[in-house]
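Now for the letters of each chain:
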Amino acid sequence: MATQGKRTVRDLRRESRSAVLQRLYFDGPMSRLALGSAAGLSSGSVSNVVAELMADGLVEEAGSLGTDGGRPRTLVRVAAGRGRLVGVDVGETRVRVELFDLSMSELARTERVLPGHGSRSYDVELVAGHILDGVAEVLGADGGARDPGELLGVGIGVPGIVERTAAGTVVHGQTVGWDAVPLEALLRGSGRLPSHMPLFIENGARTLGQAEMWFGGGRGARNAVVVLFGSGVGACVVTDEVEQGRAVEWGHLTVRVRGRRCRCGARGCLEAYAGAEALLARWREAGGEPPPGADEEAALTALLSAARPGDGGEADPVAARVLAETAEYLGAGLADLVNLFQPERILVGGWAGLQLGPAFLESVRDHTLAHALRHPAGRVGIALGRLGPDAVTVGAAILPLAAFFARGGRRVPVDSPAPVPAWRAALGGRLAGQRGGG
């Protein structure tokens, strides 16, 4: 095999296929001429790669583009129907599973509510069972007889710190009582997942951040922070140094010494004041009365209605005060992120962030600017995420998609174990290309 340095001809071919697939995916349909320029390939190379990808069924023709006085140019695009991706959001109130095609169009979904969420009895076996049942259900809804080779992998977003070990991915979720939980081994050991299937487990805030950077409000940003505001709070930081994004335990930054007890066991964490679970607890302690038996989402809706009644109604001063205090805590927490990372953008996502955002984002922004240093504060934009409550599942599904790109569109053989793909390089590469393109 001929080599160039340490890179073989096969490596170069895979890199060319990957570059073409990514450019077509995000910027297509495109002509071969435009594609060659965008991917940095010669006309001969891009024609060969496109022909190869078309033979594999991954690329298809998509009409033609007229030119002034010349021959029309045939456009090509990624064949969205030739792959399936599963994204799983292990939240603190439910497990959501969605099936997507290559264009990230949703094909099927299911949800399973988690009892006793946020407690230290967050049952690992129950969660693993919900994941496996959910994956089976969405695949069955898409037609159980489909070619198994079309399933490119399953991505899972989880609460907590993710560690990769020789025995598989382990999750340290202190706030939900997970102490070095071997989640990958549990899922694979069930016998319900094919041994060859690529399986990716990541922190949920990071998958949310990845989704917003690829498809949402983070597109074109060089430095951004994406905040997950749900039962608890977390963040994903994307910088020049960490192009593929890094989850940070922002919710456990201390905002008050000897303050409220947090779910993690420490005192004074931001999450003890600003997470939805803590916000509702503070409302009850102050005399608020959520509807009996309401889950967190319904209770938060009730608090918001009490604090901001419509049609000229009178606001409940207790609910209004708790909401105002929460905006100040979040603003102070965001100011720390501004001072530490100097992002261009901060995007607030997560179910609670999207639910409360329209009502108090302006106040959060004011408190952020008041607490942050003037120079970085003057350069940051603060907005809601654009992808809605499904952003974590979309971001989780991006993980096998990025691995597919890193393999140059090569499918994992159904009769052999999957190699560990260089999917992080594909994530970082997409962000780098996206920044250049604006």
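In the nomenclature of an unreviewed UniProt entry, the protein corresponds to ROK family protein from the organism Streptomyces salinarius. Looking at the Sequence similarities (unreviewed entry) heading of the UniProt record, one finds this comment for the protein: "Belongs to the ROK (NagC/XylR) family."

Q: What is the right way to read the sheet that holds strand β6 (residues 84-90) from this model?
A: By way of backbone hydrogen bonds, the strands of a sheet pair with one another, either parallel or antiparallel. Spatially, β8-β7-β6-β9-β13 is the arrangement adopted by the five strands of the open sheet, whose pairing is mixed. Looking at the sheet topology across the chains shown, the edges are occupied by β8 (106-113) and β13 (199-203). Ignoring strand direction, the axes of neighbouring strands in this sheet form an average angle of 15°. Most of the contacts of helix α4 (residues 124-141) go to β8, to which it runs at about 150°, and overall it touches β6, β7 (94-101), β8 and β9 (151-158).

Q: It is not clear to me how the nonpolar core should be interpreted in this structure. Could you clarify?
A: Considering soluble globular proteins, one finds that nonpolar side chains tend to be buried as a cluster. By size, the foremost hydrophobic cluster in this structure holds 46 residues, and its most contacted members are V227, W250, L303, I346, L356 and F360. Once residues within four sequence positions are removed from consideration, W250 is found in contact with V227, V233, G234, A235, L270, L330, G333, L334 and L337. The next biggest cluster of nonpolar side chains, apart from the first, holds 31 residues, and it includes V20, L24, V78 and A402.

Q: Any chance you could explain the side chain of T368 here in plain terms?
A: Tracing the backbone through its elements, the reader meets T368 in helix α11 (residues 351-371). Side-chain polar atoms of T368 contact the backbone oxygen of V364, separated by 2.8 Å. Those residues within four positions of T368 in sequence are excluded, and the remaining contacts are G331, L334, A335, V338 and I382.

Q: Can you walk me through the pairing of strand β10 (residues 161-165) in this structure?
A: Note on strand geometry: in a regular strand, side chains alternate between the two faces of the sheet. Both β10 and strand β11 (residues 168-173) contribute to a ladder of five bridges, which runs antiparallel. Of the residues in β11, the one forming a bridge with E163 is V170. Between the antiparallel neighbours β10 and β11 lie two residues.

Q: Any chance you could explain the packing of aromatic side chains here in plain terms?
A: The geometry of an aromatic ring pair is captured by two quantities: the separation of the ring centres and the angle between the planes. The full count for this structure, using the stated rule, is eight aromatic pairs. By way of ring pairs, the aromatic residues Y25, F26, W214, F215 and F405 are connected into one cluster.

Q: Sorry, what's going on with the sheet that holds β11 here?
A: Spatial ordering of the open sheet is given by β10-β11-β12, a layout of three strands whose pairing is antiparallel. If you trace the sheet from one side to the other, it starts and ends with β10 and β12 (178-181), each paired once. When the angles between neighbouring strand axes are averaged without regard to direction, this sheet yields 20°.

Q: Any chance you could explain the environment of G168 here in plain terms?
A: Relative to the elements of secondary structure, G168 occurs in strand β11. C-alpha separation for the pair G168 and R188, spaced 20 residues apart in sequence, amounts to 9.5 Å. The contacts of G168, once residues within four sequence positions are left out, are E163 and E184.

Q: Is there a simple way to explain unusual backbone geometry in this structure?
A: Omega for the bond connecting G28 with P29 falls within 30 degrees of zero, at 0°, which places this linkage in the cis form. For P29, the position within the fold is in the loop between α1 (9-27) and β3 (30-31). A positive phi angle is found at A180, which is not glycine, with a value near 50°. Relative to the helices and strands, A180 resides in strand β12.

The rules behind each value
Residues numbered from 1 in each chain as written. Predicted model: local features only at pLDDT ≥ 70, side-chain atom pairs only at ≥ 80, totals over all residues. Heavy atoms only, no water. UniProt positions renumbered as here; feature names shortened; annotations may be inferred. Pairing = 2+ DSSP bridges. Helix = DSSP H or I, 4+ residues; strand = E, 2+ residues; numbered from the N terminus. Axes fitted to C-alpha atoms, helices over the stretch in contact; angles between N-to-C directions. Contact = heavy atoms within 4.5 Å. Core = buried A, V, L, I, M, F, W, Y, C linked by side-chain atoms within 4.5 Å. Buried < 20%, exposed > 50% of the residue type's maximum accessible area, 1.4 Å probe, protein only. Polar contact = N/O pair within 3.5 Å; in protein donor to acceptor, adjacent residues only side chain to side chain. Phe/Tyr/Trp six-rings, centres within 6.5 Å; stacked < 30°, edge-to-face > 60°.

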